[in-house]
Amino acid sequence: MKRQIRNAVVLLAAGAVLAGVTGCGKQQPAAAGVGRADAAANLAESLKVDLSELKSQDGQPLLLALETKTPPPRPEDPDTLPETDPGHWYDMEYAGWNTAKENIPSSPKDGAIGKRVIAIINGDHPYLTAYSAGMKKVAEAYRMKLRILSPNWKVDVQNQMLDEAVNEKPDLIILIALDAKVAILQVRKVNQAGIPIILSNMHPDHEAMRYAICWTGPDDWGQFRMLAKVWADTLNRTGGVAYVRHAPGGSPFFARTFGPISELTAYAPEIQTLDMQAPGFEAAKTQQVVSDWIMRFGDKLVGICAADDSAQAIGIVEACKKAGRSDIVVVAAGNSKVGMDAVKAGEIHAITYQSAEADGAVALKAGADWFNGLTVEPVRYLPKHVITRDDVEKFLPPQW
Amino acid sequence: MTMRKERITSLLAALDRNRIYVLLALVFAIMPLAAHGFGTVNNLTTVLKSSCLNATVAIGFTLVLICGELDLTIGATLTLGAMLTIGLQPHLGRPGSFLVAVAAGALVGLCNGLIVTKARVNSFIATLGSMTILQGIIYIYSHGASVSVTGPADFRLADFLEKPFVPLLTPRVLITVALVAFAQGFLTWTRTGRNFFLVGGNRETAWFSGVNPARYVVGAFVVSGASAAVGGALFGLSMCSATSNLGAGCLMDVIAATIVGGTAMTGGKGSVLRSALAVLTFTAMFNGFNGMGFPSELKILIAGLVLALVVIHEAAAARRHERARGRRPMLMEELRRKAPLQKKESRT
Amino acid sequence: MPERTGYSARSLSGLFHRAGIFGAVALILAIGALVSPKFLTAGNLLNTVDSVMLLGIVAVGVAFVTYSGHYADLSVPTIMAFSGVMAVEMLRFGFVPALLAGLATGLGIGLINALMVGRLRVNPIIWTLAMSYLTMGVMRWLWSNQQIYPDVKGGDTGAGRLFTELYRHEVFGRITLPMVVLALFVVTGHYVLTRTAFGQQLKLVGSNPSMAAMTGVRMPRTVGLAFVLSALAASAGGILITSLSKVGAYYNGEGYDFDAVTAVVLGGVTLTGGRGSMLGVLGGVLMLGLMSNILTLLGVDTFAQRIVKGAVFLAVVSVSSLLARRMGRDDA
């Protein structure tokens, strides 16, 4: 035992010494102190970069025109309101709008050309592959050095990656938080190191928005409110509906279920929520849940809203077909190839449009704007659109 | 001739026994050269910080493995520990919620242990069932969301836990090191600790020696649950939050680290120190890969490769050992060298 | 002194033990009938079979591995995904070549597993875990983290349409192709386990490996074949799940490893091996499906369902283990 300890200590010491020796030599030289003349030239060139020609794989422009909205005033105490009231979800839905910023670094105003950016996404999924592709297109246009890291859905690995990123002192960090609340300390850590950070895609807790420059991404709540209205109109604003939820832990878990529910409270009060379940992203499990719903509710069930138009949608469509209930109006969050095919075939009534490539591109563009010294609003939304059979062709070939 | 061959074999055997130290040294030797910025103090601190969670969980898991059992609930228990520490904080205060979290983890371990010893259910099955139940409980407790605390005192605690007070060491790292050292000392230097190896190696002999295997197995599970809860609780405190997916990848990572660290799945052999070092090795390795810009799939591939090589090597060594068992090479060599037996005068 | 048979002395527990999983299934059916009048309808029961038929197909293969005392095959999910993706990729050569390619992929991985666990006697849990990492890494690397689509790969040949039709094809009324495949697998598996030499040898290997080796059972071959069968079943399940989801993706099949072991153990195959039957596995799978069905009909939350399923699983396994001990059939 003693010998083992001795061996271990010797080896570790040797390793540390070796590491230190080689590490010292490899110290990253401080970010090139750009002279004032260079900075101005960089800025001028950077402002001239034109991204309007870039297109995503589906033929739509990569950098779609962003939407903005004015959030309503915050209710006194959202937690006391019932879940069916939109006010209950105010903090989640409008995270970042009215948050006081703390210790945000000011823009160096020396252009975005050649900047070093580290992007940490939340995991691996074909949507995120497209997201990364979109971000890389913008990085190429500005000749930025972009590195994209993925923790494969593990929170502790994402923390590790953030620590590593902070150590490297890049010019900008972009983060897709794995969890709204865990994001608070993650963003604060980056903020305290003096590195600008932009949050993307997943809504963080409003506390986290204090420390970030801005948030960009799809307006999950907004697009599901929009979808709910289209859905309700097709249902003639009456009937019983059920919700297939997203995975617990993220913002879509609430946005894609309580968004429509709270919207319909006012818009179509005669629509009744029958049930909501979270079978995950498996077609077979979703099929079983929906078959059981049809068995349980019979003709009372006239509509189903799903958080995913791929595996979940397939399960729903199969269940409806087997039960002979193709009359059920199905809407979902899009827009994957599977979902769009289903819309074309009339199996799904409508899906939301969410350009994965634009999601990634817009995040980095916000960073570029910040480098250029332009104003960056605290929240930037991707445009919303509801895809139906009439216009689904415009969005093919699919991004994922 | 034999002496040199013997020395080589014994050297190789020593290297194999201490393979985790070899791997650790290898990683720390290669990474600074391959990965940019690996050897900086900041990065090494990051590596140490990121190993804390899995290393703490590995303490209890190794103990269970030494007893010859398996505990699949560690991921769910660590999530439970984190959730309770953060979630109960407004009601019970910081020390109270921490204690409740650890107690909950120990309780989970106790239930596992009782099912395994009293109902005589295989530990793989029993912990598979408990894992499912725990996951359901966690989701229901958190309503599918996450919990957090945002008071300035909480941020102060988180900062305290995570900021290094000497280069390389943060309080959380220190706590983890202390726990690992304590556990290793307990296992190697106390009689109760050594009895765990007996229970895992040969349960019947343990019984005959007056050691009650059931009690030790239950104890191991309780420690496993408690250590997982402690790891999760510390992580939660350092992040001021806890999410229901916290323990997602933990089980497989800890199994891989424990096996690479030299603990046998059959029980009776193992070391908490080595498991912790294995966690450190893997963390350092992946840290280096991030620095080198490796994509996810390459990291997964290498993890699989390392695990496969280690486990093949172990099996090959076991096969060789089996074949050599019962032979006495020294005696054979001596007989070969001596002259053939002379016909002795027979006394009739 | 009359001989204690164990059955007559404790007739109720003996009956329960003999009925085994089918007793539990009958109980669940009774509970379901009480819960809802629509439960015992053909439509509802077929829905239940629908939801677990893929799991059943995979569980038949995993049962061979568990029966041989090697716990579980953790590489099943990645074999499923890989077979599916490979099949979709090969659709440009036609429908049948694609299916063969998918099955061949599974066979290949199964052979590697067989070699390692059968011949080298590497620990099965760790090896199959390592194999799943390797397979996942290769799969994601080969297809650049993207998913592929049957209709795109099949092009104009119609192979894509055939492929997606595979899961949905109705053979007879509401009986779909996967159900037929499941029935075929269960029957064949049962036959192999009970009537072939391989099955008897597997039973011996599972209950007493050293005895098996001593009586001349060719361990590497027998154990290896179990893993090959598991991989083939996973392959078939993978092709079907890919057909269902209409995408070839690396995340198909997630969770099937533990779910299959749950079903297999529930069905009476103990982890130490040598015990159980393929019909029991079918019973275990059905029980899982029926439980989900009843709980959803009762409006129980998805997460609460997990707790119930876990608790029932533990209860069944504990009770069955305790009963076995009481009747003198002692083994863990």
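Residues numbered from 1 in each chain as written. Chains lettered and ligands numbered in written order. Predicted model: local features only at pLDDT ≥ 70, side-chain atom pairs only at ≥ 80, totals over all residues.

**Some points on the overall build of chain A**
Rules: Where helices and strands are cited, they refer to DSSP runs of H or I of at least four residues and of E of at least two residues respectively, numbered from the N terminus. What the globule rule says is 2.2 Å times the number of residues to the power 0.38, and the radius of gyration is computed from C-alpha atoms. Here exposure depends only on C-beta density: within 10 Å of a residue's C-beta, 20 or more other C-beta atoms make it buried, 12 or fewer make it exposed, and intermediate numbers make it partly exposed, the C-beta atoms being placed from the backbone. We call two residues in contact when the distance between their C-beta atoms, placed using the backbone, is within 7 Å.
Along its length, chain A carries 12 helices and 12 strands. For 400 residues, the compact-globule estimate of 2.2 N^0.38 gives 21 Å, and chain A sits close to it at 24 Å. With respect to the principal axes defined by its C-alpha atoms, chain A has extents near 75 × 65 × 45 Å. In chain A, which comprises 400 residues, the proportion classed as buried is 58%. When contacts within chain A are restricted to residue pairs at least 6 apart in sequence, long-range pairs at least 24 apart make up 77% of them.

**Some points on the overall build of chain B**
Within chain B, the regular secondary structure consists of 15 helices and two strands. Oriented by its inertia axes, the alpha-carbon framework of chain B measures out at about 95 × 55 × 35 Å. Every one of the 348 residues in chain B was classed for burial, and the buried ones make up 55%. Long-range pairs, those at least 24 residues apart, make up 79% of the contacts in chain B with a sequence separation of at least 6.

**Section: the sheet that holds strand E12 (residues 386-388) of chain A**
All names here are of chain A. Formally: Pairing between strands requires that DSSP locate at least two bridges from one strand to the other. Fitted lines through C-alpha atoms serve as axes, helices being fitted only where they are in contact, and the angles separating the N-to-C directions of these axes extend from 0 to 180 degrees.
Pairing is mixed across the open sheet formed by six strands, whose spatial order is E7-E6-E8-E9-E10-E12. Two strands close off the open sheet at either side, each with one partner strand: strand E7 (271-277) and E12. Within this sheet the neighbouring strands show an average axis-to-axis angle of 20 degrees, counted without direction. The pairing of strand E8 (residues 301-306) with strand E9 (residues 329-332) spans four bridges and is classified as parallel. Residue pairing in the sheet places Cys 305 in a bridge with Val 331 of E9.

**Let's talk about the confidence of the model for chain A**
Residue and element names in this part refer to chain A. What counts here: Think of pLDDT as the predictor's per-residue confidence, scored from 0 to 100.
Mean pLDDT for chain A: 85, with 91% of residues reaching 70 or above. Element-level mean pLDDT values for chain A span from 57 in helix H1 (residues 2-25) up to 95 in strand E3 (residues 172-175). Predicted confidence for residues 21-34 stays below pLDDT 50, and this span has 18 contacts to residues more than four positions away or in other chains.

**A closer look at the pairing of strand E2 (residues 145-149) of chain A**
Residue and element names in this part refer to chain A. Here is the rule we go by: Look down the strands so they point away from you; if the path from the first strand over the helix to the second goes clockwise, the crossover is right-handed.
Pairing of strand E1 (residues 116-120) with E2, which is carried by five bridges, proceeds in the parallel orientation. Looking across to E2, one finds that Arg 116 is bridged to Lys 145. Handedness of the crossover is the feature at issue here: the chain leaves E1, passes through helix H4 (residues 126-142), returns alongside E2, and the resulting connection is right-handed.

**Let's talk about unusual backbone geometry**
Cis rather than trans, the peptide bond between Gly334(A) and Asn335(A) has omega equal to 0 degrees. Here Asn335(A) lies in the loop between E9 and helix H11 (337-344). In the segment running from Leu396(A) into Pro397(A), the intervening peptide bond is cis, with an omega of 0 degrees. Residue position: Pro397(A) is located in the segment after E12. In this model, Asn103(A) sits at a positive phi of 60 degrees, which is unusual for a non-glycine residue. Note on placement: Asn103(A) falls in the loop between helix H3 (90-93) and E1. The class for Asn103(A) is exposed, based on 10 C-beta atoms found within 10 Å. Of note in this structure, Lys246(C) is not a glycine but carries a positive phi near 60 degrees.

**Let's talk about the interface of chain B and chain A**
Short version of the rule: Classification used: nonpolar for Ala, Val, Leu, Ile, Met, Phe, Trp, Tyr, Cys and Pro, charged for Asp, Glu, Lys and Arg, polar for all others including Gly.
Each partner contributes to the interface: chain B provides 42 residues, whereas chain A provides 43 residues. Only helix H2 (19-34), helix H3 (41-66), strand E1 (146-148), helix H11 (213-239), strand E2 (241-243) and helix H13 (272-292) of chain B provide two or more residues apiece to the side of chain B that touches chain A. Here the side of chain B that touches chain A is composed, by residue class, of 18 nonpolar, 23 polar and one charged.

**Quick look at the sheet that holds E2(A)**
All names here are of chain A. Reading across the sheet, the six strands line up as E2-E1-E3-E4-E5-E11 and stay open at both edges, with parallel pairing between neighbours. On the outer flanks of this sheet lie E2 and strand E11 (379-381), each paired with one strand and no other. Averaged over all adjacent pairs, the angle separating strand axes in this sheet is 20 degrees, with direction ignored. The strands touched by helix H6 (residues 182-192) within the sheet are E3 and strand E4 (197-200), with E4 carrying the most contacts at an inclination of about 155 degrees.

**Comments concerning the pairing of E9(A)**
Residues and elements named next belong to chain A. Taken together, E8, helix H10 (residues 311-322) and E9 constitute a β-α-β crossover, and its handedness is right-handed. Sheet topology places E9 next to strand E10 (residues 350-352); two bridges connect them, and they run parallel. By the bridge assignment for E10, Val 331 is matched with Ala 350. Taken together, E9, H11 and E10 form a β-α-β motif whose crossover is right-handed.

**Some points on the environment of Leu235(A)**
All names here are of chain A. Checked against the element boundaries, Leu 235 lands in the loop between helix H7 (220-234) and strand E6 (239-244). Accessibility expressed as a C-beta count within 10 Å gives 21 for Leu 235, which makes it buried. For the pair Leu 235 and Leu 185, spaced 50 residues apart in the sequence, the C-alpha separation amounts to 44 Å. With near-sequence residues (within four places) excluded, Leu 235 lies in contact with Ile 271, Val 302, Gly 303 and Val 329.

**Thoughts on H4(A)**
Residue and element names in this part refer to chain A. Note the following rule: An expected span of 1.5 Å times one less than the residue number is assigned to each helix.
Here H4 contains 17 residues, and its C-alpha end-to-end distance of 25 Å stays within 8% of the 24 Å for a straight helix at 1.5 Å per residue. The buried fraction of H4 amounts to 13 of the 17 residues, a majority that puts the element mostly inside the structure. Backbone geometry just after H4 places Arg 143 at a positive phi near 55 degrees.

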